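The lines below spell out each chain.
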Amino acid sequence: MNWYKVAEAAAVAVTPERFRAMTWKEKVALAGNTSISHQTQQLFFTQKYERKWYVLQHLADNTNLSSQTQLMFFTQKYKGKGDALWYLAKNRSISQQTQQLFFTQE
């Protein structure tokens, strides 16, 4: 049984240890889950893992990102940042403050 499919109905919180143990396919699925907690969203930036750039693109599409997580797309260093920001720019649910960063950040 896939734990992330069962957890979609409730707020999903994943420990750093569990996050490290997940495959990149599981991380992609988790990134798209609109029920993931703010703490879990932060793990996508604070942990090292395979194909991070690809997973972050999927996270950028998530319509329930916290404003703090949205800001991390700009403030964190990672491979494929331009592509992830492109996906974030297409996300219709990003905050007004995040929208303004597209015009003020280099």
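The residue numbers shown here count from 1 along each chain, following its written sequence. Confidence filtering applies because this is a predicted model: local features only for residues at pLDDT of at least 70, side-chain atom pairs given and counted only at 80 or more, and all residues used for totals across whole chains, interfaces and linings. Only hydrogens and water are removed before side-chain values are computed, so all heavy atoms of the structure are retained for them.

Description of the packing of aromatic side chains
Describing an aromatic ring pair means giving the distance of the ring centres and the angle of the ring planes.
Alright, step 1. Side-chain rings of Phe, Tyr and Trp, where Trp is taken by its six-membered ring, are said to pair if the distance between their centres is within 6.5 Å; with planes under 30 degrees apart they count as stacked, over 60 as edge-to-face, and otherwise as tilted. Taken as a whole, this structure holds eight aromatic pairs when the rule is applied.
Alright, step 2. Relative to Phe73, the ring of Phe45 lies with its centre 4.9 Å away and its plane at 90 degrees, an arrangement referred to as edge-to-face. Of this pair, Phe45 sits in helix H4 (residues 38–46) while Phe73 sits in helix H6 (residues 67–75), and the two are 28 residues apart along the sequence.
Alright, step 3. In this scheme, a residue with accessible area under 20% of its type's maximum is buried, one over 50% is exposed, and one in between is partly exposed, where area comes from a 1.4 Å probe on protein chains only. For Phe45, a relative accessible area of 6% corresponds to the buried category.
Alright, step 4. Linked through ring pairs, Phe19, Phe44 and Tyr49 together constitute an aromatic cluster.
Alright, step 5. Placement of a positive charge over a ring is assigned whenever Lys NZ or Arg CZ falls within 6 Å of the ring centre and within 35 degrees of the normal to the ring plane. Looking at Lys27, its charged tip hangs above the ring of Phe19, at a distance of 4.9 Å from the centre. By definition, any uninterrupted DSSP run of H or I lasting at least four residues is a helix, any uninterrupted run of E lasting at least two residues is a strand, and each is numbered from the N terminus.

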